[in-house]
Structure formats: C-alpha cells, structure tokens
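Structural overview for review
Now for the letters of each chain:
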Amino acid sequence: MHCQGCPRKTESSCGSRGRLSAPVLVVGMAPGRDELVDGRPFVGSSGRLLWKAFYEAGLSPDNARVMNVINCYPALNEGKKISPEQWLACAQRFEEECAASQARIVLALGNEAMLRTTGIKGEITRWRGHIITPRECTNAVKIKGGSLLPSIPPNCEIIIPSLHPAYIIRSGLKPVPFLWADVERVERALRGDLQVVPTNDIGAWCMGARCVDLETDGIGDDANVTLIGVAGPTATGISARTWAWPPPQHVIDELKGAPLLVGHHLAFDLLHLRREGIRLNNALFDTMWAGHKVQPDLEKNLDTMSSLYLDCPRFKSIPTTNPERPRMDALYTLAMVKPQRVALQELKQLETFELEMRCLPILIDMTEAGVRVDPVERDRLASGLRMKLEEARATWDTIAPAVNAQSHVQLKKLLYDVMGLPHQYKDKKLTTEKIALVKLLKHADESGRHIIRTLIEVRESSKLLGTYFTTDRTTVHPSYFPVQKDDATYGTPTGRLSAQDPNIQNIPKQLRTMFVPHNPRNVFVVGDWSQIEAWIGGTLSGDTALLTAIAGDIHAVNAELLKCDRTRSKGFYYGTTYGAGVRKIHETMLGKGFDVEYEDIARMMKLFKSAYPQLMAWRQVLVADVKRDGYAENCFGRRRYFYDAQAAAPEIWAFHPSSNAADILWRVMPAVARLAQWAAQLPPAMFIHDEIVIESPPEKAQQVAACLKEIMECRWDLIAPGFSVPAKITMGTSWGAAA
C-alpha cells in the first residue's frame, strides 16, 4: 500500500482496520514488518498479544478500530523512532481518521500514541493504566519544524494509555499483566462500571480500618515527619484528610483504635511513627506487600499499584510538600484493599499473605533494634583494609602513575589502547569491570598481569571501605524491605527476605567479627540450615544420589565427580542448581577469580546431569507444568506466574527450592521471635539467607541453642512426609566468631 499524497513517497505503508463505528479506538506507534506486508495494523506477534488481551477481557477485535500514529516504518536513522518528517507527513491523515471515528474510549499503546492523542509527554510506564480525560488533552505536540494538536475522536470520553505489545514481548512478557489490566479497564468503561475513588465500595471486611501515609523530609534514619494523611471508610465510600506534623491527639487515637491498619509500605510509616514515640499494634494490611504477592515481577510503587487495581487519574506527580499528596496517597491506598484481597483469594495467596503480615512487626522490631557494631573491631578491620589499599595504590602509582584507577575512561585507554588487550564488552559497550579484568589476565604478559591484579586489589579494597566503613555508628539498622517508600521492588519473587542499608546478607565473612550482641556479656546463638534448598530439591525430585551427597559433603562429592577443586565445585553446583548455562557459570567463576574454559564447564555439566538424572527429569516436569498452568506453585501454595515458560526455565527450576525454603522461614519466624524475646528481651538479631541469629545471655545459651535447633528441625509434611532439614547450631561473642 502507498499513502496517497504523502510527501515522503515511502515504498510501503500500512492503513487502519476496523469499523469507524467501533466503540474503542486503538492507537499504536507504527507498523512492523508483518504489518507492512499485510497492509493492516496489528497482525503480527504484537497483534496476537493485543487480541488475546481483548478476548481475555470479554471483548473482540470487532469492538475496536485500529490505527497507528504513522503508517510507515520508523526512520532507521532516528533509532527506529518517529522522525519529525514522519510526524508531519502523517498529521493530516491521523487527524482526519480520529475525527471520523465514533469511539468512546481510546487505548493509546506506547509513548508516541499517548503523546499524539493527549499531548502529554512522559514515560508510558508511569502513565499507563491511569485515566486521562479529553479536557486534559490541551498541550501541543512540539516537534522540529512545527507543532501538532492532540487528536482524539469527537465522542471520546476517556483515554487509557498502556504499554505497546511489542515492548511487552521485548521484555520477556513479564509486563503482560499491565496490558491485561488496561484492556479490562476498557471493557469496564464500555459498561459504565469504572470503579472511581472515593465512591467505590471497599467492602464490609474493611469497615473500621484506617490507612496512614506519612511524608518526610528525607528517607534516612534522621528524616523528620512533615505531613500525615489518614483515610477511613464512610457510609458512601472513603474520606481522607491531611494534617501537618504533629497531628491532633484524636488522629493518633483513631489509628490506635482501628481494627486494621492499612498502608503502602507500612514498615516505612510504622518505623517513623515509632521514632516519634507512637507505637501501633493493629492487624496490618500492606498494599505494597499484597501487590508483591499477586505479581512479584512488577513494580510495587503506589503509582503502579493504583493503576492496576483502581480506575483513577495519575496523582503521584503532586509534590510531596503539598498537603494534598498524603491525603491522596491514603485515599487510594485504602481503596486498593478490597480488589487486592479479592485477587489474593482468587490466587489462593491470602493465607500466606496474612502470615507474612503477622510477621511484619517482627521485621520492623529487628530494624528498630538493629545490630551493634564493635567500634574497636571495626577500626581494626578498617585499618587493615586501608593499609592494604595504600599498598595497592602505592604499587599502582609506580606501574601506572598517569592513570586514575577509578576512571573508566582512563582504564579503557590503558588496557585496550596502550596495552593492546582484546576488547571486552558488556551490553555492547567496552567494560573494565572485574569479570573483564579476569578474562584479560590470560591475554596479558607478566607485567600486564601485575597491572591487572593490582587494579583489582585497589578496587576491591576501596569498595569494601566505601560500603561498610563510611559511618561511625555503633549500631546499624538493616531493613528487610525497601528503605525508600516509592521503591519499585519489594522483596524477592520467591518470598526470600532481602536486606538493605546495609545489605547485611552480603557482608563478607572476614568482616562479620565486628557485629556483636547489644549486651557485651551476651553471645550470639546462630542456627544454620545446612543445604536447605538442596534438601528440598533432592526430596521433591526423588533424586537419591543427590540426597546421599547432601547427607555427606556435597561439595567434596561433586569435586571428585567433576575432577576439580572444592571452590570450583561449589561455584559450579550453585550455578547449575539455579539454572545457569555455560556462559553464566563461566562469568560467575570469573567473578571469583577463576577462568574456567567453556569446554570444561560443558564437560562438568554433562557429568552433573548424568550423576543426578532424577533432578534433571524433575526440572523438565516443572517447566511442562508451567506451560500448562501458567504458573508455578510450591508446597505451601505460593505462586509465581510465568508467561514464557521455556525462556523462564532457570527461574522455574530455582523457584521451588528457594520459595519452599522461604516459606519455612516465614512459618518459624514467630517461634524464633518468642525465643529471642525470652532469651534477651530483644527481637531476633538477623535473618541471613539460611541463618538465624539470636542474642542470648551465656547462662541461657545452651537452652536457647537446643530450642532453636528444635524449631529449625521441625517436620514439614507438605514437602514430604517426615521431611525436615538439619540445622547446625554455633555460638560466639561475635557473628564471625559463631561461624
């Protein structure tokens, strides 16, 4: 097809499709190659995904007219973006088609479609799902050589931006729930059934609840509360108000008396309230956490979550200093409770969510109490690292005096231009990161290897000092949830705990001696599940060879099997367990300083698969189950959805051992907290991967150790009849000494 009258004289183009009387107008960016061949929009893979979303929502292609901002392929010299010439060439055609459409709803797919229909310039990932009305579409689209007014059908009631299916496909289908939700919103709009806040029914279950939202002047421990928003149900819907801090006492009393306290990332709000002397002991419903349970792979900020569960305009652009901001945050957060609870029930995740909500105060207690740092030991460790760094820098200044070891630009010139070493790339860009440096060792001569090893030493010592020795605080307060309220993520997809500020789970073993009990006379009692994920994987797969190896020393067994040393055997085992391929294992080994050839890794993988055939067969069954069901479900009912089972195979394999281990920890957490309280009137000191750390007076230590072992080695018949994991219990005056 050729566009009549187009000044560009393109070789081929693609027109529109669908009835002018269709109630929905779908606008995309531009045709792809399949569309140019067919002459119609959305007939390729993007179209198949779009129409699948329509069918899932109870709609059909007959409900929509489909068109693109431009009718030809995006200009290659513009990075496959619409060029100014293309914007202008298609302007009249686009405006005429919009004017002829009788659509009530516009579904704008992607940045360009949103910009052309609304005049709003912004990231589609921030605007998608939010309702835009025609009266907001007033900004001209400014381009080189002119400007264009937004174009929508004359009968248009709302515009709903969404992600373009092509973007979703390029992203491995993980964002597909966004498209599903937005097309369902289109269907509700056609029925006149949009759930508009604050008039929507929040459900009898939530009556009496209160939602709290704080605004602070920062995100650290020293941040001050500036505003508080509180929302609650009324006879007709939801109402919310904002107060400057401190609020009237009746506001605090209202929060304390609520049978249910709601918030979006409650840990943030509750910790700041505690620092203001206000402790709340209500039942909890965290909407950020609920969003994570339903869709662990999607962003969890309030902007995104509200666009998934509510029909509302975008409101997070309101400045945090504006009193309207916490009021709106509280209003929409409370409104999300009902649809999220329904989603949790439908996905059979409500029980595990409620368990985690009961455990949330324990994690908040742990963050509040923190972990004490011995200043003498900290200074000793820091002094040793500084000495090591000074020696490495002195050597570096001798062998490369004109090069800044922290300058990526100068290092590229030294390694690749001056030394002539083979270029190393990451994401198609020259890199000087550690993996690249280890690769370069085998290409360098003796003096070159000396330069590279010195550079690695300078960087690693600098990193350790910059990460763990930048403060004089004698207590650190790791959080087991995002430290910033609008962080995009919350936890891990498997339910495993993560830690930030500092990430105490990644602290090198040689630095753990500086973490000590709060009471200097106390000791740490440490329980460590030995190979918990391996035990789970071996048991669920029924691989007797693997179980026999775990019962002994699995890394020694594998070292003999793979004909390598223990360190390489350990790295290979964990890489293979989590589904890493030859290349990924090679890079992991490089990160640990070992350059293992691809051929050797392939040989080890063949030996590993032949040694544990039942484990390998079980993995294939797991992928087949996800292809059939669309999700993986562990022994405790935790689910994770996958939209491309074959591509996600490594994540599916890892999900079952990791998520079952996570759910075991969640289920023992209340008992561990009670034990820690009995031992030293403190919360548990740390949860580190498969370790549980409790502070205890020495006279109670043996009893605490016995109780901790009993808790950790209890039976989990949901995994297998009589299944339990052995726990190793140690004690010491510091975390490092207890290892």
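Structure shown above.
Residues numbered from 1 in each chain as written. Predicted model: local features only at pLDDT ≥ 70, side-chain atom pairs only at ≥ 80, totals over all residues. Heavy atoms only, no water.

1. Observations regarding the pattern of salt bridges
Side chains bearing opposite charge may pair, as long as their charged atoms lie close to each other. For the coordinates displayed, the defined rule picks out 48 salt bridges. We note a salt bridge from D303 to R314, for which the minimum N-O separation is 3.1 Å. With D303 in helix 12 (residues 302-309) and R314 in the loop between helix 12 and helix 13 (324-346), the pair connects residues that are 11 residues apart, well separated along the chain. For D303, a relative accessible area of 6% puts it in the buried group. Taking relative accessible area as the criterion, R314 reaches 22% and is therefore assigned partly exposed. Look at the salt bridges and you will find they share partners, linking R128, D182, R185, R188 and D311 into a network. (Salt bridge = Lys/Arg side-chain N within 4 Å of Asp/Glu carboxyl O. Helix = DSSP H or I, 4+ residues; strand = E, 2+ residues; numbered from the N terminus. Buried < 20%, exposed > 50% of the residue type's maximum accessible area, 1.4 Å probe, protein only.)

2. Some thoughts on the pairing of strand 21 (residues 691-696)
With 6 of 6 residues buried, strand 21 is to be regarded as a mostly interior element. Residues E691, V693 and E695 point to one face of strand 21 and I692, I694 and S696 to the other, with burial holding for every one of them. Inspection of the sheet shows strand 17 (residues 523-529) paired to strand 21 by 6 bridges, in the antiparallel sense. Bridging from a neighbouring strand, D528 pairs with E691 of strand 21. Once strand 20 (residues 686-688) ends, the chain turns through 2 residues before running back antiparallel as strand 21, passing H689 with a positive phi of about 55°. (Pairing = 2+ DSSP bridges.)

3. A short note on the sheet that holds strand 16 (residues 515-516)
Taken in spatial order, the 3 strands line up as 15-12-16 in an open sheet, and their pairing is antiparallel. Of all strands in the sheet, those bounded by a partner on one side alone are strand 15 (475-476) and strand 16. With 2 bridges joining them, strand 12 (residues 371-373) and strand 16 adopt antiparallel strand pairing. Bridge pairing in strand 16 links V373 to F515.

4. What about the environment of D253?
As for its placement among the helices and strands, D253 is situated in helix 9 (residues 249-257). Judged by relative accessible area, D253 falls into the partly exposed class, the value being 41%. A sequence separation of 27 residues divides D253 from L280, and the C-alpha atoms of the two residues are 9.9 Å apart.

5. Comments concerning the packing of aromatic side chains
Evaluated as defined, the whole model comprises 10 aromatic pairs. Pairing F636 with W716 gives two aromatic rings, centres 5.9 Å apart and planes at 70°, and the pair type is edge-to-face. Of this pair, F636 sits in the loop between strand 18 (631-633) and strand 19 (639-641) while W716 is found in the loop between helix 27 (701-712) and strand 22 (727-732), placing the two residues 80 residues apart along the sequence. We note that F636, like W716, is buried. Each residue in the set F572, Y573, Y574, F608 and Y612 is aromatic and connected to the rest through ring pairs, giving one cluster. Its guanidinium or amino end placed over the ring of W127, R314 lies 5.1 Å from that ring's centre, counting from NZ or CZ. Sitting over the ring of Y631, R639 keeps its end group 4.0 Å from the ring centre. (Phe/Tyr/Trp six-rings, centres within 6.5 Å; stacked < 30°, edge-to-face > 60°. Lys NZ or Arg CZ within 6 Å of the ring centre and 35° of its normal.)

So, to be careful, I would describe these as geometric facts and stop short of saying anything about function.
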